[in-house]
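# Descriptive structure summary
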Amino acid sequence: MITALLNGLAFGMLMLVLSSGLALIFGLRNVVNFAHGALYMVGAYIGFAIGSVTNFWVALVVTPIILGAVGVLLDRFGLRYLAKREVLDLVLLTFGLTFVLTGLVQSVWGTQPKSINAPPGLDGSIPLPEASYPTYRIFLIVTGVLLGVALILWLRFSKTGLYVRASTMDRTVATVVGVDVDRVSATVVGLGFAFAGAAGVLAGPYLSLSPNMGVEILVLTFIVVVVGGLGSLGGAMVAAVVLGLIVNLSAVFVPWFAAYAPYALMLVVLLFRPRGFAGTRTLV
């Protein structure tokens, strides 16, 4: 039971990091980023490449910076110019980016799955009453908590975070009172991409790498965002943990139901609380 709970928390924290970036972008840009899973996949492969010539810790720092820069460029030369166009144009942009990134990864790294070893110091296990448990998964849980708390504190108490929340609530009013909405938008999109990259690197020693890994997890990420409440970062974080626990506990106690558990969770929430856990469209 303890092992199942920890596995649920580990997967939930990975989902928390990934879905936080998606919730941020949707909260401000109102864009459903279909490329988010592909960014997660690219982050995993870039982390794999950097870690091969340096180490895991360098990859964990450098990869989010690279993807964050890509996010800033995409916002500057893509989303900003399509902001007044039809929603379908933005969807097609992010959807097309998915195919480009997937093809790029396949051409560089091939289609065969790859695996990454946990870094020294995290490659062992710790004793539990039931059995030993991988140290890396404990690290993943702790890292997810720290990143989530840091993001909320940044949004709550920093000046930039105040600008982000103001722009999310009403872009026009924020512009009138002197907020540089374009700069705020670039910051948020860059941060969303960076979180996707960080999730990819963190997933490396936890899950196997493949060009399809982004597609597999994208659906779960959307479920987290919908269940948490569209545009709500705090709701998405809670939903990520709940989803991780439900998926892993159902895999242990009701294996035949495990594949349907995420969809059942979304169905129940949409039936009884259509706006998700957060209830209202607030970022935090």
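Preceding this section is the structure that the text describes.
This report concerns the structure included in the present document. Computed from a predicted model, the values in this text were never measured in an experiment.

It is worth spelling out the overall build of the chain at this point. What the chain contains, in helices and strands, is eleven helices and two strands. Going residue by residue from the N terminus, the α and β elements of the chain occur as α-α-α-α-β-β-α-α-α-α-α-α-α. The C-alpha atoms of the chain give a radius of gyration of 19 Å, which matches the 19 Å a tight globule of 284 residues would have. Seen through its C-alpha atoms, the chain measures out along the principal axes to roughly 60 × 45 × 35 Å. Per-residue burial for the chain yields a buried fraction of 48% across its 284 residues. Taking contacts inside the chain between residues at least 6 apart in sequence as the whole, the part at least 24 apart equals 78%. Counting every atom, the chain has about 13300 Å² of accessible surface; 69% of that belongs to carbon and sulfur.

Considering all chains together, one arrives at ten aromatic pairs under this definition. Centre to centre, the rings of Phe-95 and Phe-99 are 5.2 Å apart; their planes meet at 80°, and the pair counts as edge-to-face. Of the two residues, Phe-95 and Phe-99 are both situated in helix α4 (residues 87–109); the distance of four residues between them amounts to about one turn of the helix. Judged by its relative accessible area of 40%, Phe-95 falls in the partly exposed class. Relative to Phe-257, the ring of Trp-256 has its centre 5.7 Å away and its plane inclined at 65°; by these criteria the two rings are edge-to-face. The exposed category is assigned to Trp-256, whose relative accessible area is 65%. These aromatic residues form a ring-pair network of at least three members: Phe-34, Phe-95, Phe-99 and Phe-222. Looking at Arg-76, its charged tip hangs above the ring of Phe-77, at a distance of 5.1 Å from the centre.

Attention now goes to the side chain of Ser-19. Structurally, Ser-19 can be placed in helix α1 (residues 2–29). A polar contact of 3.5 Å, which involves the side chain of Ser-19, links it to the backbone oxygen of Leu-16.

Before going further, it helps to spend a moment on the nonpolar core. Ranked by size, the top nonpolar core spans 74 residues in total, and within it Leu-14, Tyr-40, Tyr-136 and Leu-202 carry the most contacts. Per-element accounting of this core gives the leading share, 13 residues, to α1.

Our focus in this paragraph is the pattern of salt bridges. Tallied over the full model, the rule gives one salt bridge. When the shortest N-O distance is used, the salt bridge between Arg-183 and Asp-180 registers 3.9 Å. Residue classification places Asp-180 among the partly exposed residues on the basis of a relative accessible area of 40%.

Parameters and conventions
Residues numbered from 1 in each chain as written. Predicted model: local features only at pLDDT ≥ 70, side-chain atom pairs only at ≥ 80, totals over all residues. Heavy atoms only, no water. Helix = DSSP H or I, 4+ residues; strand = E, 2+ residues; numbered from the N terminus. Rg over C-alpha atoms; globule rule 2.2 N^0.38 Å. Buried < 20%, exposed > 50% of the residue type's maximum accessible area, 1.4 Å probe, protein only. Contact = heavy atoms within 4.5 Å. Areas by Shrake-Rupley, 256 points an atom, 1.4 Å probe, with all protein chains shown as cover. Phe/Tyr/Trp six-rings, centres within 6.5 Å; stacked < 30°, edge-to-face > 60°. Lys NZ or Arg CZ within 6 Å of the ring centre and 35° of its normal. Polar contact = N/O pair within 3.5 Å; in protein donor to acceptor, adjacent residues only side chain to side chain. Core = buried A, V, L, I, M, F, W, Y, C linked by side-chain atoms within 4.5 Å. Salt bridge = Lys/Arg side-chain N within 4 Å of Asp/Glu carboxyl O.

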